[in-house]
Amino acid sequence: MIANNLQRIRQNIEAIARRSNRRPDTIRLIAVSKTFPATDIREALAFGQTLFGENYIQEAERKYLELGQNIRLHFIGHLQSNKAHIAVKIFEMIETVDQIKLAASLNRYLEQSGKIMDILVQVNIGRDEKKSGVAPEDTEDFLKKVMTLSNLRVRGLMTMPPFSEDPEKSRIHFSNLRQLAERLQQKNLFYDNTFVELSMGMSHDYPIAIEEGATLVRVGSAIFGDRS
Ligand SMILES: *Cc1c(COP(=O)(O)O)cnc(C)c1O
């Protein structure tokens, strides 16, 4: 089941990329495994999926220990500063940095362990009260502050638009995030201004996110089934 789902989603990504005149290898699939057991993650691993997303530090820590090292984990949940020291140990990228306090705290632990970490800045592109993220108009200042932190590399932006049953409603938000990233890219505010990551799109709206420029799509239930 998981293998079939992955197969279908990979084919979709490839087809949508081609249709949108994008190179398929510029779009990476993150399998969001929150709440699913390590056995499900193993099934995905066996089918060649190595990039996973998790929302909860303790859950990720537990599953990561069970699974070993051949896995790349992105943190996509709400991170509290007091868990930053664990996060820098198990994650390859934190996609949800939206507070300077959190960035500073990650940087401190990275300095201590002599590591560099890639991060994304989460933007509340739809100004949804229920969502985290930096306000679009504050993103430039935020990036300038994070740039002063020696051990963090801002690779791009991440967003979660307001939820709607109609995936077409996400399009304007994805397009706005891409345009914001392009403006910031012109000001050289990312670590690598030749390739800026845009993490956007989930099970119901990832095709639209790819059409609008996503480089990372975060897909959970369409791979692993309903969480409920
Ligand atoms: C859970 C989650 C996803 C995956 O959602 P699905 O609808 O299961 O694909 C993606 N992004 C974030 C931030 C999430 O919390």
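Worth saying up front: this structure is predicted, and the values here are computed from it rather than measured.

Trainee: Outline the pattern of salt bridges, supporting the account with residue identities and numerical values.
Mentor: Here the structure, examined in full by the defined rule, presents 18 salt bridges. Ionic pairing is found between R18 and E14, a salt bridge with its closest N-O pair at 2.7 Å. Of the two residues, R18 and E14 both sit in helix α1 (residues 2-19), four residues apart, roughly one turn of that helix. Accessibility expressed as a relative area gives 54% for R18, which makes it exposed. In this structure, E54 and K63 form a salt bridge, with 2.9 Å as the shortest nitrogen-oxygen distance.

Trainee: Mind laying out the site of the ligand, listing which residues take part and the relevant values?
Mentor: Neighbouring the ligand are 13 residues, the closest being K34, N55, S203, S221 and R227. In the environment of the ligand, a nitrogen atom lies 2.8 Å from a nitrogen or oxygen atom belonging to the side chain of R218. A distance of 2.8 Å separates an oxygen atom of the ligand from a polar atom in the backbone of G220. Its residues assigned to classes, the shell around the ligand shows six nonpolar, four polar and three charged.

Trainee: A description of the pairing of strand β5 (residues 117-122) should follow, citing residues and the corresponding values.
Mentor: With five of its six residues buried, β5 lies for the most part within the structure. Here strand β4 (residues 93-97) pairs with β5 via three bridges, running parallel. Bridge pairing in β5 places I94 opposite I119. Handedness of the β4-helix α5 (residues 100-113)-β5 crossover: right-handed. For β5 and strand β6 (residues 152-158), the ladder comprises six bridges, and the chain directions are parallel. When the sheet's bridge partners are listed, Q122 is paired in β6 with M158. Chirality of the crossover, the property in question, places the unit of β5, helix α6 (residues 139-147) and β6 among those that are right-handed.

Trainee: Let's hear about the packing of aromatic side chains: which residues, and what values?
Mentor: Pairs of aromatic rings are described using the distance from one ring centre to the other and the angle between the two planes. The full count for this structure, using the stated rule, is two aromatic pairs. Here F75 and F91 contribute two aromatic rings whose centre-to-centre distance is 5.1 Å and whose plane-to-plane angle is 75 degrees, an arrangement assigned as edge-to-face. Of the two residues, F75 is situated in strand β3 (residues 72-75) and F91 in the loop between α4 (84-90) and β4; the sequence distance between them amounts to 16 residues. Accessibility classification places F75 together with F91 in one group, the buried group. Between R108 and the ring centre of Y109, over which it is positioned, the NZ or CZ distance is 5.6 Å.

Trainee: Report on the environment of L120, specifying residues and quantitative values.
Mentor: Structurally, L120 can be placed in strand β5. Among the residues examined, L120 registers a relative accessible area of 0% and is labelled buried. Sequence separation of L120 and N188 is 68 residues, and the distance between their C-alpha atoms is 15 Å. Residues contacting L120, with those up to four places away along its chain left out, are M93, I94, E95, T96, V97, R155, G156, L157, M158, E197, S199 and L216.

Trainee: Give a detailed account of the packing of helix α2 (residues 38-46) against helix α3 (residues 57-67), specifying residues and quantitative values.
Mentor: Running from N to C, α2 and α3 point in directions that differ by 55 degrees, and their axes come no closer than 10 Å. With respect to α3, the element α2 is oriented oblique. In this structure, α2 meets α3 at a crossing whose hand is right-handed. For the pair formed by α2 and α3, the contact residues are A38, I41, R42 and L45 on the first element and K63, E66 and L67 on the second. For the contact of α2 with α3, a count of residues per class yields four nonpolar, no polar and three charged.

Trainee: Report on α1, specifying residues and quantitative values.
Mentor: Look at α1: 26 Å from first C-alpha to last across 18 residues, which is about the 26 Å you get at 1.5 Å a residue. All buried positions along α1 are accounted for by I2, N5, L6, I9, I13, I16 and A17. Around the axis of α1, the buried residues are gathered within 100 degrees of arc, so they sit on the same side. Summarising the geometry of α1, the exposed residues directed more than 90 degrees from the buried face are N4, R18 and R19. Taken together, the buried residues of α1 touch β1 (28-32), α2, α8 (206-211), β8 (216-219) and α9 (221-224). Immediately downstream of α1, the backbone of N21 shows phi near 55 degrees, a positive value.

Rules used throughout
- Residues numbered from 1 in each chain as written.
- Predicted model: local features only at pLDDT ≥ 70, side-chain atom pairs only at ≥ 80, totals over all residues.
- Heavy atoms only, no water.
- Salt bridge = Lys/Arg side-chain N within 4 Å of Asp/Glu carboxyl O.
- Helix = DSSP H or I, 4+ residues; strand = E, 2+ residues; numbered from the N terminus.
- Buried < 20%, exposed > 50% of the residue type's maximum accessible area, 1.4 Å probe, protein only.
- Near = heavy atom within 4 Å.
- Polar contact = N/O pair within 3.5 Å; in protein donor to acceptor, adjacent residues only side chain to side chain.
- Nonpolar A, V, L, I, M, F, W, Y, C, P; charged D, E, K, R; others polar.
- Pairing = 2+ DSSP bridges.
- Right-handed = clockwise from strand over helix to strand, strands pointing away.
- Phe/Tyr/Trp six-rings, centres within 6.5 Å; stacked < 30°, edge-to-face > 60°.
- Lys NZ or Arg CZ within 6 Å of the ring centre and 35° of its normal.
- Contact = heavy atoms within 4.5 Å.
- Axes fitted to C-alpha atoms, helices over the stretch in contact; angles between N-to-C directions.
- Parallel < 35°, antiparallel > 145°, perpendicular 65-115°, else oblique.
- Left-handed = near helix turned anticlockwise from the far one by under 90°.
- Expected span 1.5 Å × (residues − 1).
- Arc of directions from axis to C-beta.

That is the geometry; function is a separate question.
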